[in-house]
Amino acid sequence: MGDPVTEYQARLQEQENEIKSLSAEIESLKNPQNLSSTPRLDELREENAKLKYRLNILKKSMQEERTLCSKSMLNINQRLQEVFGEAIRASCPELDNPPLAVTPNQQAKFGDYQCNSAMAMAQMLKAKGVKVNPREIAEKIIQNLPDNELIQKTEIAGPGFINIHLKRTFVSQLLSNLLVNGVVPPPLASRKKVVVDFSSPNIAKEMHVGHLRSTIIGESMCRLFEFLGYDVLRLNHVGDWGTQFGMLIAHLQDQFPDYLTVSPPIGDLQAFYKESKKRFDSEEDFKKRAYQCVVRLQSKEPDFIKAWKLICDVSRNEFQKVYDCLDVSIIERGESFYQDLMTEVVKKFEEKGFVQLDEGRKLVFVPGQSIPLTVVKSDGGYTYDTSDLAALHHRLFEEKADIIIYVTDSGQGTHFQVVFAAAQMIGWYDPQVTRVEHAGFGVVLGEDKKKFKTRSGDTVRLMDLLEEGLKRSMDKLQEKERDKVLTPDELIKAQRSVAFGCIKYADLSHNRINDYVFSFDKMLDDRGNTAAYLLYAFTRIRSIARLANIDEATLKKAAETTEVLLDHEKEWKLGKCILRFPEILQKILDDLLLHTLCDYLYELATTFTEFYDSCYCVEKDRQTGEVVKVNMWRMLLCDATATVMAKGFDILGINPVQRM
């Protein structure tokens, strides 16, 4: 027996050739010059009708073959939009861009999905002076639905909602496909380049809780784009250049004579930084010497470059400790990288006549923006505006990025809005072609609803926070007496999984636009929408097969031979929920709001619990406890749930463990 995929592809090719031939025949039959006599016309019309019928059957058959042939998961919502889009255009050809709204149904009794376009179409027709009842439009849409592989039946409800019921056999086939091939995303039309700018701490300062959100959100966005097949460049735009380094080196010359051979540890470095700032603001002589140090650093004098590199290395090593804990990979490309490019960028704006002088400063005013960009300060130095323009230019023209995402706090929203508008004004990119976006986020609050600080009022060091998370995670595991059943190695893995998973999930499960309250007690609670609950749920699901003595090879074989039955309402509900995964990822791709994935994983876990409570997967003898019967199709539903949850965790940067 040959490879089934090759066979399907060969059959697809045959069918496509026949479709082309039939389509050509239909087109020729439409031409009046080809029609000679009346009896012949009737004959041709009959033949035409038969050909159209065969064409529709072939199209439907091809779609079914494609679904079975494809290893990737199907986005059911997208497929329904294709089907209903065709029907809507055929129903109202007089409407330009008619609205297309297909969403999952919230109540099972009304079907699986719902198309709500008829009401909006009625409003559009009314605006054109045509009054039509939305229910009539809904009926027309249903009449024009093309033959398809996924819809069992449709019903019109209320003012014109179309309730859609999916075919159970179709959903079962998709689940089998997932079990055999794993979670494979729908193919991309073209592999686009994505640059994500995130984390961005400052050299000579310790990472604090403010960097937590950018690091966690940015890493998760990168993982999503990578999973979907994009070429992703993760960039860390660190603050590693500018006047502050002149101040710091001048201060180290006075306070730390070994500064050319070794840098102070990060804690001391931060203290030196604060002292240097104080001296810079109060001592005129020190201020002059600091400026001289800046000039010598910018002139790349060897001793100054050496001192600067030592400071950067100490900071880098500290940042890496945080990145290792959070399993973050990122390429550093700080402000120093763009120094030479800044001169070029200013020149480009001057050549186009966009630069205005104002008391020695060079400003760029962008129409429609409330504030200008300062590209050169009165002392001749560059600003954040200049470095961000240079970075954007490099990402567009050197990296040739199709999508550029900046993950920083919402307070920088206006700044990026003006930078992006200036780049469009000078003609660097067209927003219709290249997506350049600021993904802003709110601040981290303490349980008192004020900005998260230590008791002494200092900013919370990120390493202190992560170490506190590890301690509390171990306390929780010992409270549940997990240290008595897990090996020491398993216990450490569970501790890290819970600690860092809970910190990430607490952030990602909130809408990033809003502020969120940081609470270890809430995030380590194993009830409700928390990582602790989901990690325990995942471990339980994975243990079902293990406790029934079913190994991975047996499940894999069953996936190829056993039909996934969906007769029980809870089986059907779980099956549909599992298959919504591609829809969820597509939504996040559009709005970059990762809490949608957290909400989905929580819904999947609770839907699984409903299924497990109602449907026996393994039946045991009540006296002996021995396994009497294994309902393999239900074991496959357990496996499909765990497979999707594992991929969801991976995108969120959470590492589940087999035993907890």
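Residues numbered from 1 in each chain as written. Predicted model: local features only at pLDDT ≥ 70, side-chain atom pairs only at ≥ 80, totals over all residues. Heavy atoms only, no water.

Student: Tell me what's going on with the side chain of His-251, and back it up with residues and numbers.
Tutor: Take His-251: it is sitting in helix α8 (residues 243-255). A distance of 2.9 Å separates a polar atom in the side chain of His-251 from a polar atom in the side chain of Glu-275. With near-sequence residues (within four places) excluded, His-251 lies in contact with Phe-272, Glu-275, Ser-276, Arg-279 and Phe-286. (Helix = DSSP H or I, 4+ residues; strand = E, 2+ residues; numbered from the N terminus. Polar contact = N/O pair within 3.5 Å; in protein donor to acceptor, adjacent residues only side chain to side chain. Contact = heavy atoms within 4.5 Å.)

Student: I'd like a rundown of the nonpolar core, residues and numbers included.
Tutor: By size, the foremost hydrophobic cluster in this structure holds 168 residues, and its most contacted members are Leu-80, Phe-84, Leu-212, Phe-518, Phe-581 and Leu-597. The leading source of residues in this core is helix α23 (residues 632-652), at 12 residues. Once residues within four sequence positions are removed from consideration, Phe-518 is found in contact with Leu-212, Val-444, Leu-445, Glu-447, Phe-452, Leu-465, Ile-503 and Met-523. (Core = buried A, V, L, I, M, F, W, Y, C linked by side-chain atoms within 4.5 Å. Buried < 20%, exposed > 50% of the residue type's maximum accessible area, 1.4 Å probe, protein only.)

Student: Explain helix α3 (residues 76-91) to me, using residue names and the numbers behind them.
Tutor: The end-to-end C-alpha distance of α3 is 22 Å, a good match for the 22 Å that 16 residues give at a rise of 1.5 Å each. Those residues of α3 lying buried are Ile-76, Asn-77, Arg-79, Leu-80, Val-83, Phe-84, Gly-85, Ala-87, Ile-88 and Ser-91. Here α3 starts with a cap whose side-chain oxygen sits 3.2 Å from the backbone nitrogen of Asn-77, and that cap is Asn-75. (Expected span 1.5 Å × (residues − 1).)

Student: Summarise the sheet that holds strand β10 (residues 373-376); cite the residues concerned and give the values.
Tutor: Read from one edge to the other, the open sheet built from three strands follows the order β8-β9-β10, with strand pairing classed as antiparallel. Looking at which strands have only one partner, the edges of the open sheet turn out to be β8 (355-358) and β10. When strand polarity is set aside, the average angle formed by the axes of neighbouring strands in this sheet is 40°. Direction of pairing for strand β9 (residues 361-364) relative to β10: antiparallel, over a ladder of three bridges. Along β10, the bridge assignment pairs Leu-363 with Thr-374. (Pairing = 2+ DSSP bridges. Axes fitted to C-alpha atoms, helices over the stretch in contact; angles between N-to-C directions.)

Student: Go over the environment of Arg-135, please, and point to the residues and values.
Tutor: With respect to the helices and strands, the residue Arg-135 is situated in helix α5 (residues 134-143). Overall, the relative accessible area of 33% leaves Arg-135 in the partly exposed class. Sequence spacing of Arg-135 and Gly-160 is 25 residues, and the spatial spacing of their C-alpha atoms is 4.4 Å. Setting aside chain neighbours within four positions, we find Arg-135 in contact with Ile-156, Ala-157, Gly-158, Pro-159 and Gly-160.

Student: Quick rundown of the pattern of salt bridges? Include the residues and the values.
Tutor: Using the criterion set out here, one finds 41 salt bridges in the structure. For Asp-464, the salt bridge is made with Arg-461, and the minimal N-O distance between the two is 2.3 Å. Linking Lys-484 and Glu-481 is a salt bridge whose minimum nitrogen-to-oxygen distance equals 3.4 Å. Classification of Lys-484 as exposed rests on a relative accessible area of 63%. Relative accessible area serves as the criterion here: at 44%, Glu-481 is assigned to the partly exposed category. (Salt bridge = Lys/Arg side-chain N within 4 Å of Asp/Glu carboxyl O.)

Student: Lay out the pairing of strand β11 (residues 403-406) in plain terms, naming residues and giving numbers.
Tutor: Here β11 shows two buried faces, one formed by Ile-403 and Ile-405 and the other by Ile-404 and Tyr-406. Bridge count between strand β5 (residues 193-197) and β11: four bridges; the pairing is parallel. If you follow Val-196 over to β11, its bridge partner there is Ile-405. Across four bridges, β11 lies against strand β12 (residues 435-438) in parallel orientation. Residue pairing for β12: Ile-405 is matched across the bridge by Glu-437.

Student: Tell me what's going on with the UniProt feature "domain: Arginyl tRNA synthetase N-terminal" (unreviewed entry) in the protein, and back it up with residues and numbers.
Tutor: As annotated by UniProt and renumbered to match this structure, "domain: Arginyl tRNA synthetase N-terminal" (unreviewed entry) occupies residues 78-166. Taken end to end, residues 78-166 is 39% helix and 21% strand, and its first and last C-alpha atoms sit 14 Å apart. (UniProt positions renumbered as here; feature names shortened; annotations may be inferred.)

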